[in-house]
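Residues per chain, in single letters:
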Amino acid sequence: MTTHLRFAPEILVRLGEELIPHPDLGVIELVRNAYDADAAVCNVTLTNASQPGGTLVVEDDGDGMSAADIRDGFLLIGRSAKPGSPLTRKGRRKVGEKGLGRLAALRLGRRIDLITRPRKEPETEHVLHIDWADYESVNTVEDVQLHVETRSTTKDPGTSLTIHGLRQGFDDNEMERLARAMRLLTGFFEDQKTGFQATLRAPQFEKVAAAVNRGFFDEYEYRLVAHLDEEGHARASLFNWKNEEVARGDHFDVAQGRVRGQLQAPLDYKAPAATFELWMFLLDAKSFTRRASPQKHSDLRPWLKVIGGVHLFHRGLRVHPYGDPGFDWLELNLLRSRSPELRPSSNTSVGRVSVDDPSDALTPKTDRMGFQENLSFIDLREFARRATDWAARERLRIREEGRVGGAAAAKKEKEKAKRSINTVLNEIRRFNPAQAAEVSQLVDTQERYIQALERDRLLYRSLATVGISTAVFAHESLTTSAGLGEDLELLESRVGDLIDEASYKARVEKILSRAKDCAASIHSFAKVPLRMLRRSKRRAAIVDVNDACREFAEMFGGYLNDRNILLELDLCDEPAQVLTPVADIESIYTNLVINSANAFSHSTDPSGEQVVLIRTRTDTRHVFIDVADSGPGLTDVAVDSMWLPGEGGQRSDGTGLGLTIVRDIVADLHGKKNVLDDGELSADVHGELGGATFHILLPKQATR
């Protein structure tokens, strides 16, 4: 007996309904078929489709299919037509694969009507009907006979596919998803011209199209253009907002990768030739003002919300899900969180990787969710990642070149400008002394402002040096103190073995216990500066001062306990949020509490209780922070001058910079310099606990 392999109708469920997780992917598969048919236009219409049972119509003006094409192509599942003819009549490289996606799309409904008019057979159309219910009562797929009807027509070439009785409805989310996929399928970059237009007849499509069509590609801060050639070699250029090439790199520069933090020489990529372009934006109004942009800055963020991220275009069409919301396939956001210096995120950039792939190195996944992660795809992704790394390094280099030596160059330019201004003032005085006086006052004010900035620059350079030194010492102290603690434990054990218990308790126990406590304190204190210097704490964010206070209390618990200082927290229940780096709030708490600890150490009444109280309150517009202590009060320093650098009081052995830092942070948060005069920062010589009390008022950030 002879026989052959057969397929049960259940295979249609496995290959159809289970292949595509979202119905919009099925629709996109049918649109991609229209692209392969050399269509110029493809229209998609959904009728009564918010609930199951609706109708989907996909129409195009492509080349259509002959009866043989229907039999040997459309109905032949699992074989690609590309090997024999990879290019279409118009020269498009075909994007269809093995017909599995088309089958899944057809299974979206319960009945199919196909009407197609082949370009090679004028005034002829072929009609095919498929009712999936016919397959429920047979043993094998082959038992259902399908008939292609041929008839005359006066219509132009093209194909109309109607799917009746949709198994799943398109709710608002699905329609938004489909509208975005349809609009982005053929590209949204200003230079993309595929000769193919896909539209969805739905309000959601018009909404997405309107958002996409705003076009902000001329408003970038930097633009990266990287190329990968057929030999696997990369090169890249970086352009500034004036479209000036500010950096260029060859393969060795662009393709370097990091291994354990060190840059390593690159290897040749095993990926098809590709181009990677990335537009990077600044989400602030100043960048728009600087370039005199006609666009509204407020419209940039909504535009990026629709198209932000890096998209992958394969043979002219966008491939899902690369660039979809939440699908950051180049891990831009992860890289930015690890190293935020001048790196883009999916919320501040839009990009594309374009690849033609004539050798079919990239293999689509069966479920149509992108490409299989073979070597070609992995290297393509790595090429784009490393090009982004190169751009970040170049942007950092450009910034540092402008910063280093900038003060000296600016000083020379300032002196030259001052001489020119004096010349102009002398001329003005001859004709209008009053105007000359006003200009002279403006110049003097600017000069004082520059001098203040210079003092601040030198101050914070000194503070940065102190911070670096402290971090180094803290890192070394962690290792040393840990080793010291282990040695003391070992010494305690061995001494206990050598002498009797009574002698041990009388002569050794107290000394060893004190030494162990000191080692533990050193280890605890060393962690504090390392935690405070974390890079993530230096980025502006919405910070709840209550959360920051609790973390501060946990960090400094060992320090305060070692000095017998009780820290009491009286924190409000409602959110107390401000917009600032968390390091700023920690600096306020740290400097004020350390001042209190220093005051206790110089107190003439060492027997008194040592208490520091931190209290927070809010109203509709402000966050209030009070820090009070039970020390001697502000008795050895003038309240008006204690905010100045170096004014630490007669008995202080500190730097005298703590209150200056607090003042500057509060001033920055308010965007002004007179926070002392206006009451946003004040102090009581003897407050509610008897010692100094500091009052801070910060602008409240609305709860989101």
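Quantities reported herein were computed from a predicted structural model and do not represent experimental measurements.

A. Inspection of the overall build of the protein chain at higher detail. When helices and strands are tallied, the protein chain shows 20 helices and 23 strands. When each of the 704 residues of the protein chain is scored for burial, the buried share is 44%. Here the analysis covers contacts within the protein chain between residues at least 6 apart in sequence; of these, 71% occur between residues at least 24 apart. Here the protein chain displays about 37600 Å² of accessible surface, and carbon together with sulfur accounts for 51% of that area.

B. Representation of the sheet that holds strand S20 (residues 611-618). In spatial order, the strands read S18-S20-S21-S23-S22; together these five strands make up an open sheet with mixed pairing. Looking along the sheet, the strands with just one partner apiece sit at the ends: strand S18 (566-570) and strand S22 (681-684). Recorded for the sheet is a direction-independent mean angle of 15° between the axes of neighbouring strands. Across seven bridges, the pairing between strand S21 (residues 622-629) and strand S23 (residues 693-699) is antiparallel. The residue of S23 that forms the bridge with Val627 is Phe694. The strands touched by helix H19 (residues 658-670) are S22 and S23; relative to S23, the strand with the most contacts, the crossing angle is about 25°.

C. Geometry of the packing of aromatic side chains. Inspection of every chain in the model, using the stated rule, returns 14 aromatic pairs. Measuring from centroid to centroid gives 5.4 Å for Tyr35 and Phe196, while their planes differ by 75°, and the two rings are edge-to-face. Linking Tyr35 in helix H2 (residues 23-36) with Phe196 in the loop between helix H5 (172-185) and strand S7 (197-200), this pair joins segments that are 161 residues apart in sequence. The two residues Tyr35 and Phe196 agree in class, both being buried. When the ring of Tyr322 is compared with that of Phe371, the centres are 6.3 Å apart and the planes differ by 10°; the resulting orientation is stacked. Within this pair, whereas Tyr322 is found in the loop between strand S15 (317-318) and helix H10 (332-338), its partner Phe371 is found in the loop between strand S16 (349-355) and helix H11 (375-403), the two being separated by 49 residues in sequence. Members of the aromatic cluster, joined through ring pairs, are Phe216, Phe217, Trp279, Phe281 and Trp303. The ring of Phe239 is capped by Arg223, whose NZ or CZ atom sits 4.7 Å from the centre of that ring.

D. Seen up close, the nonpolar core. By size, the foremost hydrophobic cluster in this structure holds 65 residues, and its most contacted members are Leu56, Leu200 and Val350. Element by element, the count of residues in this core is highest for H5, at seven residues. With 47 residues, the next largest nonpolar core counts Ile585, Val662, Ile665 and Ala692 among its residues.

E. Structural detail: unusual backbone geometry. Here His320 and Pro321 are connected by a cis peptide whose omega angle stands at 10°. Within the fold, Pro321 resides in the loop between S15 and H10. Located in the positive-phi region is Asp357, a residue other than glycine, with phi close to 55°. Its place among the elements puts Asp357 in the loop between S16 and H11.

F. Summary view of the pattern of salt bridges. Under the defined criterion, the tally for this structure stands at 25 salt bridges. Across the salt bridge formed by Glu373 and Arg381, the nearest N and O atoms sit 3.2 Å from each other. Counted as one network, the salt bridges with shared partners bring together Glu331, Glu382, Arg385 and Arg386.

G. Quick look at H5. Its 14 residues give H5 an end-to-end C-alpha distance of 20 Å, which sits within 8% of 20 Å, the value for a rise of 1.5 Å per residue. Across the 14 residues that make up H5, a large majority, ten, are buried. Among the residues making up H5, those that are buried are Glu174, Met175, Leu178, Ala179, Arg180, Ala181, Met182, Arg183, Leu184 and Leu185. In this structure Asp171 caps H5, since a side-chain oxygen of it lies 3.2 Å from the backbone nitrogen of Asn173.

H. Fine view of the pairing of S22. Only one face of S22 is buried, namely the one carrying Leu681 and Ala683, since none of Ser682 and Asp684 on the opposite face is buried. Alignment of S22 against S23, held across four bridges, turns out to be antiparallel. Within S23, the position partnered with Leu681 by the bridge is Ile696.

I. Main features of the confidence of the model for the protein chain. Scored by pLDDT, the protein chain has a mean of 81; 83% of the residues are at 70 or more. Per-element confidence in the protein chain ranges from a low mean pLDDT of 61 for strand S12 (residues 262-264) to a high of 96 for strand S8 (residues 222-228).

J. Representation of the pairing of strand S4 (residues 124-131) in the model. With respect to burial, S4 is a largely interior element, six of its eight residues being buried. Alignment of strand S3 (residues 111-117) against S4, held across six bridges, turns out to be antiparallel. For Thr116, the partnering residue across the bridge sits in S4 and is His126. Between S3 and S4, which pair antiparallel in sequence order, lie six residues; one of them, Glu123, sits at a positive phi of approximately 60°. Across five bridges, S4 lies against strand S5 (residues 148-152) in antiparallel orientation. Pairing of Glu125 across the sheet is with Arg151, part of S5.

K. Local environment of the side chain of Arg32. Within the secondary structure, Arg32 is located in helix H2. Arg32 sits in the buried class, given a relative accessible area of 12%. The residues contacting Arg32, other than those within four sequence positions of it, are Val95, Leu317 and Arg318.

L. Region of the structure containing the sheet that holds S3. The sheet built from seven strands is open, its strands ordered S5-S4-S3-S6-S2-S1-S7 with mixed pairing. Each edge of the sheet is formed by a strand with only one pairing partner; in this case those strands are S5 and S7. Pairwise comparison of adjacent strand axes, ignoring direction, gives a mean angle of 15° for this sheet. In terms of strand pairing, S3 meets strand S6 (residues 158-164) through seven bridges, oriented antiparallel. Considered in S6, the bridge of Ile115 is made with Ser160. In the packing of helix H3 (residues 67-74) onto the sheet, contacts are made with S3, S4 and S5, and the angle to S4 comes to roughly 35°. Sheet contacts for H5: strand S1 (41-47) and S7; angle to S7, the most-contacted strand, approximately 165°.

M. Quick look at the side chain of His320. Looking at the element boundaries, His320 is found in the loop between S15 and H10. When its relative accessible area of 13% is taken as the criterion, His320 is described as buried. Of the polar contacts made by the side chain of His320, one reaches the side chain of Asp324; its length is 2.5 Å.

N. Region of interest: the environment of Arg315. In this structure, Arg315 sits in the loop between strand S14 (309-314) and S15. Note: C-alpha distance between Arg315 and Arg92 (223 residues apart in sequence) is 7.8 Å. A distance of 2.4 Å separates the side chain of Arg315 from the side chain of Asp360, its partner in a polar contact.

O. Quick look at the packing of helix H6 (residues 203-212) against helix H9 (residues 300-307). Where H6 contacts H9, the two axes come as close as 9 Å, and the packing angle between them is 120°. Relative to H9, the element H6 lies oblique. As H6 packs across H9, the resulting crossing turns out to be left-handed. Counting all contacts with H6, which are made through Val208, Ala211 and Val212, the residues of H9 involved are Trp303, Val306 and Ile307. In terms of residue class, the contact of H6 with H9 is made up of six nonpolar, no polar and no charged.

Rules used in this analysis
- One numbering rule holds for all chains: residues counted from 1, following each sequence as written.
- Owing to the predicted nature of the model, reporting of local features is limited to residues with pLDDT of at least 70; listing and counting of side-chain atom pairs is limited to 80 or more, with chain, interface and lining totals taken over all residues.
- Hydrogens and water molecules were not included; the side-chain quantities draw on all heavy atoms of the structure.
- By the criteria applied, helices consist of DSSP H or I runs no shorter than four residues and strands consist of E runs no shorter than two, each listed in order from the N terminus.
- In this scheme, a residue with accessible area under 20% of its type's maximum is buried, one over 50% is exposed, and one in between is partly exposed, where area comes from a 1.4 Å probe on protein chains only.
- Any two residues having at least one pair of non-hydrogen atoms within 4.5 Å are treated as being in contact.
- The protein chains shown are the only cover counted for residues, whose accessible areas, like all others here, come from Shrake-Rupley with a 1.4 Å probe.
- Strands are labelled as partners when DSSP assigns at least two bridges between them.
- Fitted lines through C-alpha atoms give the axes, limited to the stretch in contact for helices. The angle between two N-to-C directions lies from 0 to 180 degrees.
- Stacked, edge-to-face and tilted are the three classes for Phe, Tyr and Trp ring pairs, Trp counted by its six-membered ring, which pair at centre distances within 6.5 Å; planes under 30 degrees apart are stacked, over 60 edge-to-face, the rest tilted.
- A ring has a charge above it when a Lys NZ or an Arg CZ is no more than 6 Å from the ring centre and no more than 35 degrees off the ring normal.
- Note on terminology: a nonpolar core comprises buried Ala, Val, Leu, Ile, Met, Phe, Trp, Tyr and Cys residues joined through side-chain atoms within 4.5 Å.
- By definition, a salt bridge exists where a carboxyl oxygen of Asp or Glu is found within 4 Å of a side-chain nitrogen of Lys or Arg.
- Expected span of a helix, by definition, is 1.5 Å for each gap between consecutive residues, and there is one gap fewer than residues.
- Polar contacts here mean pairs of N or O atoms no more than 3.5 Å apart (in protein, one a potential hydrogen donor and the other a potential acceptor; neighbouring residues in sequence count only if both atoms are side-chain atoms).
- Scored from 0 to 100, pLDDT reflects the predictor's confidence in each residue.
- For classification, angles of less than 35 degrees are called roughly parallel, those exceeding 145 degrees roughly antiparallel, those between 65 and 115 degrees roughly perpendicular, and all remaining angles oblique.
- Here a crossing is taken to be left-handed if its near helix is turned anticlockwise relative to the far helix by less than a right angle, and right-handed if that turn runs clockwise.
- Nonpolar residues are Ala, Val, Leu, Ile, Met, Phe, Trp, Tyr, Cys and Pro. Charged residues are Asp, Glu, Lys and Arg, and all others, Gly as well, are polar.

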